[in-house]
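What follows is the residue order along each chain.
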Amino acid sequence: MLSYRHAFHAGNHADVFKHAVLIHCIRHFLKKEKAFHYIDTHAGAGLYELTQGFAARTRESETGIAQLVSANADNLPPLLRNYVHTVLNFNPTPQLEFYPGSPLIAQYLMRPHDALRLHELHQADHDILQTHVAGDPRILLQKRDGFRGLIKAFPPVSRRGLALIDPPYEVKTDYRIVADAIHDARVKFPTGTILVWYPLLENELFRYLKEDLIQVSGPSWLNAEFGVSKPGPGLYGSGMWVIQPPWDLPAELEQCRAPLLQLLGAGPSASLDVRFEIP
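Keep in mind it's a predicted model, so treat the numbers as computed, not measured. (Residues numbered from 1 in each chain as written. Predicted model: local features only at pLDDT ≥ 70, side-chain atom pairs only at ≥ 80, totals over all residues. Heavy atoms only, no water.)

Novice: Is there a simple way to explain the environment of Q107 in this structure?
Specialist: Here Q107 lies in helix α5 (residues 102-109). Linking Q107 and A179, residues 72 residues apart in sequence, is a C-alpha distance of 26 Å. If near-sequence neighbours (up to four positions away) are discounted, Q107 is found in contact with L116, H132, V133, D136, R138 and I139. A distance of 2.9 Å separates a polar atom in the side chain of Q107 from a polar atom in the side chain of D136. (Helix = DSSP H or I, 4+ residues; strand = E, 2+ residues; numbered from the N terminus. Contact = heavy atoms within 4.5 Å. Polar contact = N/O pair within 3.5 Å; in protein donor to acceptor, adjacent residues only side chain to side chain.)

Okay, here's the thing in structure tokens:
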């Protein structure tokens, strides 16, 4: 259950897609002066070295973030441009050495009067993340189940909340727990924005997850799936489900279709599908 280490996959195509959407949602909350809370259910280690250790073994970032960095960021659509600039902020030299995870991305973007609640059960990743966020009064880091932490965190004091749910899905029950946790969280705080990342794999579990998400999402949601290749063994893409999405997210994702398929897609079978219900 606690064997997963995200460092092996840091900066891959799934991270690109997930974090580009996350950054857009955070920036949407920043348009208003009132404080907001960010909740991360599976925070990870926070910052990953790409040139050594786990990430260097798999080199998945080379077909992910490295492709976008090699392109001219000024020519990318806003959603991807903001994402690339955020990642480059964590790299002191032109060489891409570090990749930030979701908690450090949120920490970097959020303001002094905002708040972050992070959850990470893996002892090693929890300890690493602690070194990165120690001393930041905005952050509460807990070594506890993030699904339960989400329900406890809602409703936030500010009445403005953004949560990211991205378990590793190594345990099959995660697919069911995701929907159950969202249901319970939305009972307490129906206007909160919740982002769910999920893998595209050759099994039925993620399809059942999407059916469950439709039932618990309420009247306003967006679903986007980025397939870097045709379905086959292993991870061939990933999906983002956004409850209470920013109104402009569908159009922003449509602008990203061509560059994502060109830079990260593995041939003509790559696809980006977006569907939504936003009243």
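From this point on, the discussion continues.
Novice: Honestly, the sheet that holds strand β5 (residues 139-142) in this entry has me stumped. Any pointers?
Specialist: Sheets are built from strands that pair by backbone hydrogen bonding, the pairs being arranged parallel or antiparallel. The eight strands are arranged β5-β4-β1-β6-β7-β9-β8-β10 in an open sheet whose pairing can be described as mixed. Since the sheet does not close on itself, it has two edges, and those belong to β5 and β10 (271-277), each with one partner. The sheet shows a mean angle of 10° between the axes of neighbouring strands, taken without regard to direction. With seven bridges connecting them, strand β8 (residues 221-227) and strand β9 (residues 237-243) associate as antiparallel partners. When the bridges of β9 are listed, W221 appears paired with I243. In this fold helix α6 (residues 123-133) packs onto β4 (115-119) and β5, with an angle of close to 165° to the strand it touches most, β5. Lying on the sheet, helix α7 (residues 146-153) is in contact with β1 (37-40), β4 and β6 (161-165); it crosses β4 at an angle near 155°. (Pairing = 2+ DSSP bridges. Axes fitted to C-alpha atoms, helices over the stretch in contact; angles between N-to-C directions.)

Novice: What's the story with the pattern of salt bridges in this structure? I'm lost.
Specialist: Any two side chains of opposite charge can pair, given that their charged atoms come close. With the rule as written, the count across this model stands at 10 salt bridges. For D166, the salt bridge identified is with K18, shortest N-O distance 2.8 Å. Placement of D166 in the loop between β6 and α8 (173-188) and of K18 in helix α1 (residues 13-29) is noted, with a sequence separation of 148 residues between them. Taking the shortest distance from any N to any O, the salt bridge between D114 and R111 comes out at 2.9 Å. For D114, a relative accessible area of 3% translates into the label buried. Through salt bridges that share partners, D15, K18 and D166 make up one connected network. (Salt bridge = Lys/Arg side-chain N within 4 Å of Asp/Glu carboxyl O. Buried < 20%, exposed > 50% of the residue type's maximum accessible area, 1.4 Å probe, protein only.)

Novice: How should I be thinking about helix α9 (residues 205-216) in this particular structure?
Specialist: Each α-helix winds once per 3.6 residues, and so residues spaced three or four apart point in a common direction. For α9, built from 12 residues, the straight-helix expectation of 16 Å at 1.5 Å per residue is met to within 8% by its first-to-last C-alpha distance of 17 Å. Of the residues making up α9, those classed as buried are F206, L209, K210, L213 and V216. Each buried residue of α9 lies within a common arc of 130° when the element is viewed along its axis, so the set occupies one face. Positioned one or two residues after α9, G218 has a phi angle of 80°, which is positive. (Expected span 1.5 Å × (residues − 1). Arc of directions from axis to C-beta.)

Novice: What should I look at first to understand the pairing of β4 in this one?
Specialist: Side-chain positions along a regular strand alternate between the two faces of the sheet. By the criterion of burial, β4 is predominantly enclosed, with four of the five residues buried. Bridge count between β1 and β4: four bridges; the pairing is parallel. Counted as the bridge partner of Y38 is L116 from β4.

Novice: Help me understand the environment of S220, please; the structure alone is not making it clear to me.
Specialist: With respect to the secondary-structure elements, S220 resides in the loop between α9 and β8. When the C-alpha atoms of S220 and H85 are compared, they prove to be 29 Å apart, with 135 residues separating the residues in sequence. With residues up to four places along the chain from it excluded, the contact list for S220 reads V242, I243, Q244, P245, E277, I278 and P279.

Novice: Honestly, the environment of I182 in this entry has me stumped. Any pointers?
Specialist: The topology assignment puts I182 in helix α8. According to the relative accessible area criterion, I182 is buried, its value standing at 0%. Separated by 98 residues in the primary sequence, I182 and V84 place their C-alpha atoms 30 Å from one another. Once residues within four sequence positions are removed from consideration, I182 is found in contact with I165, I194, V196, L213, V216 and I243.

Novice: Where do I start with unusual backbone geometry in this structure?
Specialist: The phi torsion of most residues other than glycine is negative, and most of the peptide bonds are trans. In this chain, F154 is followed by P155 through a cis amide linkage whose omega measures -5°. Within the element layout of this structure, P155 appears in the loop between α7 and β6. Positioned with a positive phi, R59 is a non-glycine residue whose angle comes to about 55°. The residue Y169 is not glycine, and still its phi comes out positive at about 60°. As for its placement among the helices and strands, Y169 is situated in the loop between β6 and α8. According to the relative accessible area criterion, Y169 is buried, its value standing at 7%.

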